[in-house]
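Fold and geometry: a report
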Amino acid sequence: MAKTKVITAEEAGKLVKDGMTVMIGGFMTNGTAESVVKGVAAAGAKNLTVICNDAGFPDVGCGRLLHNGQIKKLIASHVGLNKECGEKYNAGELELVLTPQGTLAEQVRCGGNGLGGFLTPTGLGTTVAEGKDILTVDGKQYVVEKPLHADVAIIQGFVADETGNIRYKGSTRNFNPMMASAADTVIAEVEKIVPAGEIGPDYVETPHIYVDYLVLKEEA
Amino acid sequence: MEKSEIKPFIAKRVAKELRDGDVVNLGIGLPTMVPAFLDPSVSITLQSENGFIGLVDADPEAEDAAYIVNAGGQPAGIAKDGMFFDSATSFSIIRGGHVDATILGSLQVDEHGNIANWIIPGKMVPGMGGAMDLVVGAKRVIVAMEHTQKGAHKILKNCTLPLTAAGQVNLIVTEMAVIEVTADGLVLKEYNPEFTVEEIQAATEAVLTIADDLKPMV
């Protein structure tokens, strides 16, 4: 039984290097691994491509890295609650790819599941479909969407066992399980780490085989 | 109609569209007022696209209170029969046709059932969030909005803003009228007796066909 290495948020932050693509779980920071994100901000890697549902809030969650000038390109579904994101985009300081939320979730899922993409009716007849292939299946049109993959995924669970099996709590699950499957290196921040077996095989939501590092949430 | 009466009036009329047992997704703002107007015989279940079914008001005393937000990122609660899931599952539920109705506001709608409510180029770039998936996937798309934007038409022949989806709107409910989107264009089904049919048409760019069974909104 292999234990998953437990590192500090500071050490985790240093795993993110200049130019990397980073997935950050969470929805309006609910389910975002804030300690690790702080670590990434402190380590200071630049020119990041960040994949996250949203831009968080100013200087919180994904917004912390945005505020810090570390993000070159943001792939998200909604950035309206972080004014700074719109300002940076309008000033030409940020590349922004806005993707329907269901498409974004499925792109990440495909990225971790060995699939070359998927066909969705979402976005047909809109700017989202521009430049993308449209396929007709049984008389119905679909937009072809490609998978997303990252160098590092930063996810947040509630409890992990020492091998890295994870359970979530409340609505914090959101993008975290898919992101755990779709990156070369997966860092999971949790509130507690328990002995193997304590979660129970029937209740594990993210399998430990995805998880490379555990970080215990640090007090704000 | 007083300005303050408009939104509750629209919400009250939209509430009549929902059936007992419906799974419903509500957009932010006016749509969130709809459940308060449901007939006591009608019980609906709310889907929250960030990952659960059984959305209810936040209960600060609940053990998991700090871990639940609604699709606007605000504190929320979950019903006893509710369940959480991840975002991919959430949108499988939405695109898969398992949501009976979505109720949302809009900047523009048109006679083809097109809807534009996610971006004003050069001005507002919030992103579409889950709206594009919701209007494509929900069995019924009900637009609940004020009839005009300070007199400017919002119900058009053709949307001028970038679309959220093409041909997906089923019903438009405003403070002036209930309008059904059909293959032959927009049909005026109900009118608010405070306005004449002529006034409603004048406030609408698209041509309205008057339903044979036109009746007052009550």
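Preceding this paragraph is the structure being described.
For the structure given in this document, a descriptive report is provided here.

Turning our eyes to something else, we now look at the environment of B:Ala116. Residue and element names in this part refer to chain B. As for its position among the elements, Ala116 is in strand β7 (residues 115–116). With 46 residues separating them in the primary sequence, Ala116 and Pro162 have C-alpha atoms 5.9 Å apart. Those residues in contact with Ala116, other than ones at most four positions away along the chain, are Ser106, Leu107, Gln108, Cys159, Leu161, Pro162, Leu163 and Thr164.

Where a strand is regular, its side chains alternate between the two sheet faces. Residues and elements named next belong to chain A. In the sheet, strand β1 (residues 5–7) pairs with strand β14 (residues 213–216) via 3 bridges, with the strands oriented parallel. If you follow Ile7 over to β14, its bridge partner there is Val215. In this sheet, β14 lies alongside strand β12 (residues 183–190) in parallel orientation, the contact comprising 4 bridges. Following the sheet pairing, Val190 is matched in β14 by Leu216.

Residues and elements named next belong to chain A. On the basis of which strands lie adjacent, the open sheet formed by 8 strands has the order β1-β14-β12-β9-β2-β3-β4-β5 and parallel pairing. Sheet topology places β1 and β5 (95–98) at the edges, where each strand pairs with a single neighbour. Within the sheet, the average angular offset between the axes of one strand and its neighbour, ignoring direction, is 20°. Direction of pairing for strand β3 (residues 48–51) relative to strand β4 (residues 71–76): parallel, over a ladder of 4 bridges.

Moving on: the interface of chain A and chain B. Contacts between the two partners involve 36 residues from chain A, matched on the other side by 31 residues from chain B. Taken together, the elements giving at least two residues each to the side of chain A that touches chain B come down to α4 (83–90), α5 (101–112) and α6 (176–181) of chain A. It is α5(A) that provides the largest number of residues to the side of chain A that touches chain B, a total of 5 residues. Taken together, the residues of the side of chain A that touches chain B break down into 15 nonpolar, 17 polar and 4 charged.

Definitions and limits used
- Residues numbered from 1 in each chain as written.
- Chains lettered and ligands numbered in written order.
- Predicted model: local features only at pLDDT ≥ 70, side-chain atom pairs only at ≥ 80, totals over all residues.
- Helix = DSSP H or I, 4+ residues; strand = E, 2+ residues; numbered from the N terminus.
- Contact = placed C-beta atoms within 7 Å.
- Pairing = 2+ DSSP bridges.
- Axes fitted to C-alpha atoms, helices over the stretch in contact; angles between N-to-C directions.
- Nonpolar A, V, L, I, M, F, W, Y, C, P; charged D, E, K, R; others polar.

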